[in-house]
Amino acid sequence: MATNRRVSRVAELIKREVSQMLLNGIKDDRVGTGMVSVTDVDVSGDLQHAKIYVSIYGTDEAKAETMAGLKSATGYVRSELGARVRLRRTPEVLFLEDRSIERGNKVLALLNQLNHQRPTENLVTVEDSTDQDDESSDE
């Protein structure tokens, strides 16, 4: 078992190398359909498996095409990682779509919607009470 520090260092190294491969290494046209970025890499404690989380910007069709292209390029990515990263055994690679940005945007939109729907009476009473406190402290 590797230490937590080593696991995190290997994960960052894999993240950097896969990002470079996405820019100019993977020749599959499907990968270029949507804008792709590596958001996180989760490496197992024994350094044998790496889950690579990617965020894809585009339509649902472009996302599906890009994921299919990434899944077909896993062999290439693993062999390139073996050449670029010095490990005894190159980890198995698995690409997963990261939808956390979409979920965050949805939560922000819901919060904004609630903020606009809130009656302004509550805001006025809060402001009035602070004005009254200021006046009483001046006396």
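Above this text sits the structure in question.
Everything numeric here is computed off the predicted structure, so don't read it as measured data.

(A) Local environment of the side chain of Lys63. Looking at where Lys63 falls in the secondary structure, it is placed in helix H2 (residues 60-72). Taking relative accessible area as the criterion, Lys63 reaches 8% and is therefore assigned buried. Residue contacts for Lys63: discarding those within four places in its chain leaves Ile56, Gly58, Glu97, Arg99 and Glu102.

(B) Quick look at the nonpolar core. Counting residues in each nonpolar core, the largest one holds 27 residues, and the members touching the most others are Ile14, Val18, Ile52, Val54, Leu70 and Phe95. Elements supplying a minimum of two residues to this core: helix H1 (4-24), strand S1 (35-43), strand S2 (49-57), H2, helix H3 (74-84) and strand S3 (92-97). In terms of residues, this core owes the most to one element, H1, which gives seven residues. With residues up to four places along the chain from it excluded, the contact list for Val18 reads Val38, Ile52, Val77, Leu81 and Phe95.

(C) Geometry of H1. The end-to-end C-alpha distance of H1 is 31 Å, a good match for the 30 Å that 21 residues give at a rise of 1.5 Å each. On its buried face, H1 is in contact with S1, S2, H2, H3 and S3.

(D) Region of the structure containing the packing of H1 against H3. Two elements in contact, H1 and H3, have axes whose closest approach is 11 Å; the angle formed by their N-to-C orientations is 125°. The pairing of H1 with H3 is recorded here as oblique in orientation. Like other packed secondary-structure pairs, H1 and H3 cross with a definite hand, here right-handed. On the side of H1, the interface is formed by Ile14, Glu17, Val18, Gln20 and Met21, while H3 contributes Tyr76, Val77, Glu80, Leu81 and Arg84.

(E) Just the sheet that holds S2, in detail. Read from one edge of the open sheet, three strands run S1-S2-S3, paired in mixed fashion. In this open sheet, the two strands that pair with only one neighbour each are S1 and S3. Sheet twist, expressed as the mean angle between neighbouring strand axes with direction ignored, is 30°. Bridge count for S1 against S2 is eight bridges, and the pairing is antiparallel. For Val38, the partnering residue across the bridge sits in S2 and is Val54.

Definitions and limits used
- Residues numbered from 1 in each chain as written.
- Predicted model: local features only at pLDDT ≥ 70, side-chain atom pairs only at ≥ 80, totals over all residues.
- Heavy atoms only, no water.
- Helix = DSSP H or I, 4+ residues; strand = E, 2+ residues; numbered from the N terminus.
- Buried < 20%, exposed > 50% of the residue type's maximum accessible area, 1.4 Å probe, protein only.
- Contact = heavy atoms within 4.5 Å.
- Core = buried A, V, L, I, M, F, W, Y, C linked by side-chain atoms within 4.5 Å.
- Expected span 1.5 Å × (residues − 1).
- Axes fitted to C-alpha atoms, helices over the stretch in contact; angles between N-to-C directions.
- Parallel < 35°, antiparallel > 145°, perpendicular 65-115°, else oblique.
- Left-handed = near helix turned anticlockwise from the far one by under 90°.
- Pairing = 2+ DSSP bridges.

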